[in-house]
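Okay, here's what each chain looks like letter by letter:
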Amino acid sequence: MSTTEYRANTRDMKFILHEMLKIEDTLLKREAFSEFGVDDVNMILDEAAKFAETVFGPINQEGDREGCKFDNGKVQVPKAYHEAYWKYIENGWNAIGIPADAGGQGAPSVLTTATGEMMTGASTSMGVYTGLTIGAARLIHSFGSDDLKNLYMEKMFSGEWAGTMQLTEPDAGSDVGAAKSVAKRAGDHYLISGTKMFISGAEQDLTENIIHAVLARVEGAPAGVKGLSLFIVPKILVNPDGSLGEPNDVNCGSIEEKIGMHASATCLMNLGENDNCRGYILGEEGQGIRLMFQMMNESRIGTALQGVALAGGAYLNSLSYAKERVQGVAIENARDPNASKVEIIKHPDVRRMLLTQKAYVEGMRAMLHYCAYHIDMAETAADKEEHDKHMGVAELLTPICKAYCTDMGFRCTELAIQTMGGSGCTADYPVEQHMRDLKPASIYEGTTGIQALDLLGRKVAMKGGSLFMNFISTLTEFVEAHKGNEAHKDLVAKLETGKDKLSEITMHLGSLSMGGDPLYPVLSATPYLFLFGDVLTAYLLTWQAVIAQEKLDALGKKPEEDAEAAFYSGKVMSARFFVNNLLPNAYGLIEGIMNGDRSALEIAEEAF
Ligand SMILES: Cc1cc2nc3c(=O)[nH]c(=O)nc-3n(C[C@H](O)[C@H](O)[C@H](O)COP(=O)(O)OP(=O)(O)OC[C@H]3O[C@@H](n4cnc5c(N)ncnc54)[C@H](O)[C@@H]3O)c2cc1C
């Protein structure tokens with residue numbers, strides 16, 4: 001029975017970029033992206049798919065089985081990772097999103113979102129090494145002194161050296177401000193001491209140097225996040241001429257045995273055990289968390305991509321399986337003992353599971369591209385007003401992207417296993433690895449609970465609630481423009497109901513908070529994030545259905561006879577299924593919030 005190691009869905013990506021967001025009419029007209037034409041974009045997508053499928057895909061299972069090995073402070077990544085990593089670098093994939101002024105291709109985020117999905121879907125662990133390196137290098141690009149830029153940036157952007165982000169400590173996980181790591185001023189540098197844990201890629205044998213971005217508190221700085229500063233801490237010190245010097249006093253104490261992502265080393269790091277861990281400040285003292293947010297926001301979207309990518313891979317695998325696995329007879333022949341057996345894709349319940357996965361995957365993929373598109377539009381805006389408008393969309397939606405895509409993506413991988421029955425549970429097929437590899441994504445870069453607090457406690461209320469109101473206005477405009485659409489007016493009407501209910505519940509929680517009951521909104525924050533995500537997904541899929549229907553009508557062909565007609569018909573079905581079957585989940589969540597039940601707050605700890 002055939003399943004794919006990894007297969008990219010470039011057709012859906014091209015649909016989002018060209019037919020939905022129409023980047024050639026908007027984004028690609030901007031000076032910053034004028035080098036990218038439609039053909040370039042499509043060529044990059046096709047080449048990325050080829051690379052992901054032929055280089056990263058084949059090492060994924062091997063990496064999982066072999067895992068990382070720890071011995072006396074050193075980490076060995078799986079053997080096959082070496083060749084694949086350097087092929088990635090040599091083929092220039094790491095340079096694609098690097099700003100043009102730093103020697104990269106300066107591609108828009110909306111394009112690197114697509115290529116990133118393919119790379120991380122083919123090998124999530126590899127995507128962690130490459131993604132963190134670019135994120136850390138971008139910190140130096142944005143906030144480093146000229147010396148730091150000269151010494152570190154180029155080698156990191158070129159992939160010669162790797163990068164990490166070091167926030168978490170044994171007593172500082174979600175509560176980043178509880179970090180105890182200390183930085184003492186020592187002339188042109190600082191001496192850092194502390195213990196960091198769960199640090200991805202902080203020790204590995206892929207690159208000769210690793211540059212850590214570390215949060216620590218300068219002696220005497222206030223408690224909490226405001227007292228944190230951000231430092232560049234190289235594994236090997238770099239001489240003024242750029243050559244490598246002595247090892248720095250930063251060592252890996254152990255690596256975690258964890259649920260998945262076995263090829264990504266998750267390290268316990270000891271900094272300054274011999275009082276000689278040199279760090280170099282980025283920005284100024286006390287700015288650490290603000291600066292680190294650049295990398296954290298990028299990483300949140302990168303983590304959300306893992307959700308879409310692995311759910312997408314699991315969906316396509318379970319689809320291949322369902323088309324080949326023969327079991328049982330069609331329901332209409334259930335009483336006929338001689339009826340021929342059918343492929344499981346013929347069974348209604350299997351079709352329901354497949355279409356659930358397809359709808360979520362396409363909705364989440366659209367969500368991440370939509371968010372990236374607004375980031376690109378903001379970064380290339382002509383004025384502040386336009387910048388703030390687009391950045392507001394990205395700011396509001398980032399916590400939803402992160403939490404919704406990782407959690408719903410995980411549920412999709414579980415559903416892919418369910419679709420395949422016993423085979424899905426076995427190591428003979430890749431979906432069980434997809435599920436294991438995805439679980440940590442709803443925990444790192446801020447857990448789902450923390451994203452929900454960010455959404456409801458910060459983003460929705462930000463700028464007098466204007467980000468939220470602008471989002472509602474966007475949905476209202478869409479509803480007004482399409483409520484007369486013959487083919488989809490029922491979907492548009494249901495979307496309108498979802499939008500109105502989202503507004504209502506937001507006002508309700510806001511008034512509880514203002515009325516002196518902050519606890520209940522905090523209790524409701526996670527269900528609120530998911531119902532918001534459901535309405536957002538319904539909007540994006542309905543938008544896609546309207547476009548797809550027009551294309552389908554113009555083609556005038558049946559899905560059975562034409563691949564394009566099949567694609568567009570599938571888009572329409574994803575939207576219809578989501579709005580009719582999955583959007584109602586949001587109403588259940590709303591009812592749960594509106595009924596005011598406080599049992600989770602009131603239950604005595606002894607009664608749990
Ligand atoms: C595979 C992996 C890789 C990682 N890589 C990195 C890395 O590269 N760099 C790095 O710095 N860190 C990394 N981390 C650490 C990760 O960011 C933390 O695990 C995460 O922030 C959660 O912290 P914690 O594990 O201490 O859980 P805790 O903070 O103890 O949280 C436990 C539970 O309590 C909830 N909770 C905690 N506080 C609150 C609150 N105020 N309100 C509501 N709920 C709350 C959480 O949502 C969660 O459900 C990684 C973790 C893993 C598993």
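You'll find the structure just up there.
Only a predicted model underlies this, so the values are computations on that prediction, with no experimental measurement involved.

*Asks:* Explanation requested: a nonpolar patch on the surface in the structure shown.
*Replies:* A grouping of Ile 450, Leu 453 and Val 522 is seen on the molecular surface, where their side chains present a nonpolar patch of about 220 Å² in accessible area. Counting through the fold element by element, Ile 450 comes out in helix H12 (residues 448–459).

*Asks:* Even after reading the chapter, I still don't get the site of the ligand, so can you show me in this structure?
*Replies:* Inspection of the region around the ligand gives 18 residues, with Thr 168, Ser 174, Phe 198, Ser 200 and Thr 447 positioned closest. The separation between a nitrogen atom of the ligand and a polar side-chain atom of Thr 168 is 2.7 Å. One of the side-chain N or O atoms of Ser 200 is found 2.8 Å from a nitrogen atom in the ligand. For the ligand, whose unbound accessible area comes to 970 Å², protein coverage reaches 62%. For the shell around the ligand, the secondary structure elements donating two or more residues are strand S3 (162–166), strand S5 (189–200) and H12. A total of three residues in the shell around the ligand trace back to one element, the largest contributor, which is S5.

*Asks:* Help me understand empty space enclosed by the protein in this model?
*Replies:* In this approach the atoms are scanned with a rolling probe the size of a water molecule, which exposes any empty space left behind. Applying the stated criterion across every chain, the model contains two cavities of 30 Å³ or more. Reported here for the largest cavity is a volume of approximately 80 Å³. Surrounding the largest cavity, 14 residues form its lining, Asn 9, Gly 312, Leu 316, Val 361 and Arg 365 being those nearest its centre. No other element matches the six residues that helix H7 (residues 288–324) contributes to the lining of the largest cavity. Among the residues forming the lining of the largest cavity, the class breakdown is six nonpolar, three polar and five charged. What the second largest cavity holds in volume is close to 40 Å³. Lining of the second largest cavity is provided by Tyr 85, Ile 89, Asn 94, Thr 130, Thr 133, Ile 134 and Gly 159.

*Asks:* How do you make sense of the pattern of salt bridges when you look at a structure like this?
*Replies:* Pairs can form between side chains of opposite charge once their charged atoms are near each other. Scanning the model with the defined rule gives 33 salt bridges in all. Glu 47 is paired through a salt bridge with Lys 50; the nearest N and O atoms lie 3.6 Å apart. A residue pair is termed a helical-turn pair when its members lie 3 or 4 positions apart in one helix, as Glu 47 and Lys 50 do in helix H2 (residues 38–66) at three residues. On the basis of relative accessibility, which here comes to 34%, the residue Glu 47 falls in the partly exposed class. One network of salt bridges, in which partners are shared, links Asp 12, Glu 117, Lys 358, Glu 362, Arg 365 and Lys 571.

*Asks:* Mind showing me how you'd approach the layout of surface pockets here?
*Replies:* One number sums up the size of the second largest pocket: a volume of about 830 Å³. The wall of the second largest pocket is formed by 22 residues, among which Tyr 315, Leu 319, Lys 358, Ala 566 and Gly 570 lie closest to the centre. With six residues, helix H16 (residues 563–582) is the largest single contributor of residues to the lining of the second largest pocket. Of the residues in the lining of the second largest pocket, the class split is 11 nonpolar, three polar and eight charged.

*Asks:* Looking at this structure, I do not really get the pairing of S5. What am I missing?
*Replies:* For a regular strand, side chains alternate in direction, first toward one face of the sheet and then toward the other. Two elements, strand S4 (residues 182–186) and S5, share five bridges in a ladder whose sense is antiparallel. Counted as the bridge partner of Arg 185 is Tyr 190 from S5. Between S4 and S5, which follow one another and run antiparallel, lie two residues, and Gly 187 among them has a positive phi close to 75°. Taken together, the two bridges between S5 and strand S12 (residues 278–282) define a ladder with antiparallel strand orientation. Within S12, the residue paired with Leu 191 across the bridge is Arg 278. Where S5 lies against strand S11 (residues 266–271), five bridges are found, and the strand directions are antiparallel. Within the sheet, the bridge partner assigned to Thr 195 lies in S11 and is Asn 270.

*Asks:* Is there a simple way to think about the packing of aromatic side chains in this case?
*Replies:* Centre distance and the angle of the planes are the two values used to describe a pair of aromatic rings. For the structure on display, the rule yields 21 aromatic pairs. Ring centres 6.3 Å apart and planes at 80° place the aromatic pair Tyr 370 and Tyr 539 in the edge-to-face group. Of this pair, Tyr 370 sits in helix H8 (residues 348–379) while Tyr 539 sits in helix H15 (residues 519–555), and the two are 169 residues apart along the sequence. The exposure class of Tyr 370 is buried, given its relative accessible area of 6%. In this structure Tyr 539 comes out as buried when scored by relative accessible area, which is 5%. On the numbers, 5.2 Å between centres and 45° between planes, the contact of Phe 471 with Phe 532 is tilted. Placement of the pair is Phe 471 in helix H13 (residues 462–482) and Phe 532 in helix H15, with a sequence separation of 61 residues. The class for Phe 471 is buried, based on a relative accessible area of 5%. Here Phe 532 falls in the buried class, since its relative accessible area comes to 0%. One aromatic cluster in this structure is built from Phe 51, Phe 56, Tyr 88 and Trp 93. Over the face of the ring belonging to Phe 567 we find Arg 11, whose NZ or CZ atom lies 4.3 Å from the ring centre.

Calculation rules
- Each residue is numbered by its place in its chain's sequence as written, counting from 1.
- Reporting in this predicted model follows two pLDDT cut-offs: at least 70 for local features of residues, and 80 or more for side-chain atom pairs to be given and counted; totals over whole chains, interfaces and linings ignore these cut-offs and use all residues.
- Side-chain calculation: all heavy atoms of the structure are included, whereas hydrogens and water are not.
- Note on patches: the residues involved have over 30% relative accessible area and no salt bridge, like charges join within 9 Å, and the nonpolar side chains Val, Leu, Ile, Met, Phe, Trp and Tyr join within 5 Å.
- Here, Shrake-Rupley sampling with a 1.4 Å probe gives the accessible areas, and only protein chains in the shown set may cover a residue.
- Note on definitions: salt bridges are taken to be side-chain nitrogens of Lys or Arg within 4 Å of carboxyl oxygens of Asp or Glu.
- Each helix is a run of DSSP H or I of at least 4 residues and each strand a run of E of at least 2, with the numbering of both proceeding from the N terminus.
- Distances are taken per atom, and a residue is near a molecule or strand as soon as one of its heavy atoms is within 4 Å of it.
- Polar contact is defined as a pair of N or O atoms within 3.5 Å, subject to the rule that within protein one atom must be able to donate a hydrogen and the other to accept it, and that residues adjacent in sequence are counted only when both atoms are side-chain atoms.
- Site definitions follow a grid-based scheme: protein atoms alone, a 1 Å grid, a 1.4 Å probe that fits but cannot get out for cavities, and for pockets an open set with protein on both sides within 12 Å along at least five of seven lines, plus lining residues having an atom within 4 Å of a point.
- Grid points are joined across faces, edges and corners, and a volume is the space filled by probe spheres set on the points.
- Under the grouping applied here, Gly and all other residues not named as nonpolar or charged are polar, the nonpolar ones being Ala, Val, Leu, Ile, Met, Phe, Trp, Tyr, Cys and Pro and the charged ones Asp, Glu, Lys and Arg.
- Summary of the burial criterion: residues with accessible area below 20% of their type's maximum are buried, those above 50% are exposed, and those between are partly exposed, where the area comes from a 1.4 Å probe applied to protein chains only.
- Any two strands with at least two DSSP-identified bridges between them are counted as paired.
- When the centres of two rings from Phe, Tyr and Trp lie within 6.5 Å, Trp using its six-membered ring, the rings pair. Their planes under 30 degrees apart give stacked, over 60 give edge-to-face, and anything left gives tilted.
- Working rule: Lys NZ or Arg CZ, within 6 Å of ring centre, within 35 degrees of ring normal, means a charge sits over the ring.

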